[in-house]
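The primary structure of each chain is shown beneath.
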Amino acid sequence: MIRDLRFAVRGLRKNPRFTTAAVLTLALGIGANLAVFTLVNSVLLMPLPYDDPSEVVVVWPNAAFSKQEFVEGRELFQAYDELALMAAYSFSMTGHGEAERLIGVRATADIFELLGVEAAIGRTFAPDEDQPGKERVVVLSHGLWRRRFAEDREIVGRDIMLDGQPYTVIGVMPEGFFFPEVDRELWVPAPLDPSEANDYPAHYLTLIGRLEDGATLGGARSDLGRFIAIVRETREVPDDFGADADVVTLRSYMVGDTRTALVIILGAVGFVLLLACVNVANLMLARGTRRVRELAVRTAIGAGRHQIVRQLL
């Protein structure tokens with residue numbers, strides 16, 4: 001085997017153009033497949049970093065909630081064991097180096113309990129921290145903690161300035177945790193304050209829930225249908241409010257419409273790898289026709305079929 005490998009290396013050195021063409025062709029095909037599969041694996045295949053993520057569902061896309069509707073209508077959602085609200089929010093952080101705009105999440109206090117995750121350092125929200133006057137706390141992502149605070153464990157308990165207001169850091173999430181998207185860098189409570197009269201009619205909050213044992217997506221969709229019907233009857237909402245709303249799994253919500261595109265791209269790069277292999281095979285066949293006499297001589301002086309195949313491989 002060692003002798004065959006040495007012979008193969010000498011043969012490749014004697015044909016640099018063939019070797020370069022074959023290596024580059026395979027490298028392009030394999031590299032593209034590796035890159036796309038890594039993306040598909042992280043988005044579609046790897047388990048989400050939550051407790052029993054298959055039980056977590058999201059109401060999406062066209063039935064955003066107001067706070068008042070959530071408070072008054074949560075008893076309609078009987079298929080759920082836990083419920084929470086969330087919304088993306090942009091924060092301006094100052095006071096620790098240069099000012100920076102961060103994308104974060106405002107959510108009701110039970111969001112981390114619903115997901116079944118705990119902080120790596122400190123803690124997540126307490127049950128009453130979405131109440132008025134207690135919401136000035138923040139949980140940092142591991143990436144933000146590393147990038148802006150140099151992994152200082154003493155940051156827990158200190159204040160940072162968000163939108164000109166002090167927020168007390170209560171925890172740092174584990175490395176690899178993200179929710180609902182990878183670019184979210186911090187989480188703060190969304191206060192359910194009945195005095196926010198101007199805020200209550202606004203439909204901007206997404207409902208997320210964990211299904212009860214034995215509950216199905218069908219039951220959750222029935223609950224949503226009852227909620228939408230009551231909102232249409234009792235509130236001034238557009239005629240198409242909730243028309244496209246659905247209850248989807250958390251992975252479907254996070255992937256959105258990219259699943260089909262990713263599968264198509266994976267198939268396309270797989271076809272590219274197939275073409276690369278065919279091209280290299282054609283190069284090998286063309287090279288093999290020039291070695292017919294050489295292989296005949298090797299056979300005549302006693303080389304076995306397996307030995308010749310080994311050398312060619």
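Residues numbered from 1 in each chain as written. Predicted model: local features only at pLDDT ≥ 70, side-chain atom pairs only at ≥ 80, totals over all residues. Heavy atoms only, no water.

As recorded in an unreviewed UniProt entry, the chain goes by the name MacB-like periplasmic core domain-containing protein, listed as coming from Candidatus Kutchimonas denitrificans.

**Student:** What should I look at first to understand the pattern of salt bridges in this one?
**Tutor:** Close approach of charged atoms allows side chains of opposite charge to pair. With the rule as written, the count across this model stands at 15 salt bridges. Residue Arg226 pairs with Asp223 through a salt bridge whose shortest N-O separation is 2.2 Å. Residue Arg226 and its partner Asp223 are located together in helix H6 (residues 217–234), separated by three residues, close to a single helical turn. A relative accessible area of 36% places Arg226 in the partly exposed class. Judged by its relative accessible area of 4%, Asp223 is buried. Three or more residues joined by partner-sharing salt bridges are found here, namely Glu100, Arg147, Arg148 and Glu185. (Salt bridge = Lys/Arg side-chain N within 4 Å of Asp/Glu carboxyl O. Helix = DSSP H or I, 4+ residues; strand = E, 2+ residues; numbered from the N terminus. Buried < 20%, exposed > 50% of the residue type's maximum accessible area, 1.4 Å probe, protein only.)

**Student:** For this particular structure, what's the right way to read the side chain of Asp223?
**Tutor:** One polar contact links the side chain of Asp223 to the main-chain amide nitrogen of Ala79, over a distance of 2.8 Å. When near neighbours in sequence (up to four residues on either side) are disregarded, Asp223 contacts Leu76, Phe77, Gln78, Ala79 and Tyr80. (Polar contact = N/O pair within 3.5 Å; in protein donor to acceptor, adjacent residues only side chain to side chain. Contact = heavy atoms within 4.5 Å.)

**Student:** Please explain the nonpolar core as it appears in this structure.
**Tutor:** For soluble globular proteins, nonpolar side chains are generally found buried alongside one another. Formed by 27 residues in total, the largest nonpolar core has its most connected members in Leu115, Phe179, Ile208 and Leu250. Among the elements of the structure, strand S1 (56–60), strand S2 (80–94), strand S3 (100–107), helix H4 (111–115), strand S5 (137–140) and helix H7 (250–255) are those that each provide at least two residues to this core. The biggest single contributor to this core is H4, with four residues. Setting aside residues no more than four positions away along its own chain, Ile208 makes contact with Val56, Val57, Val58, Glu82, Leu83, Ala84, Ile111, Leu114, Leu115, Phe179 and Leu250. Among the nonpolar cores identified, the runner-up in size contains 24 residues, and Phe70, Leu83, Leu85 and Leu207 belong to it. (Core = buried A, V, L, I, M, F, W, Y, C linked by side-chain atoms within 4.5 Å.)

**Student:** Explanation requested: the packing of helix H1 (residues 2–14) against helix H2 (residues 16–45) in the structure shown.
**Tutor:** Contact geometry for H1 and H2: axes closest at 5 Å, N-to-C directions at 100°. Viewed along their axes, H1 and H2 adopt a mutual orientation that is roughly perpendicular. Between H1, through Leu12, Arg13 and Lys14, and H2, the contact on the second element is made entirely by Pro16, Phe18 and Thr19. Along the lines of polarity and charge, the residues of the contact of H1 with H2 split into three nonpolar, one polar and two charged. (Axes fitted to C-alpha atoms, helices over the stretch in contact; angles between N-to-C directions. Parallel < 35°, antiparallel > 145°, perpendicular 65-115°, else oblique. Nonpolar A, V, L, I, M, F, W, Y, C, P; charged D, E, K, R; others polar.)

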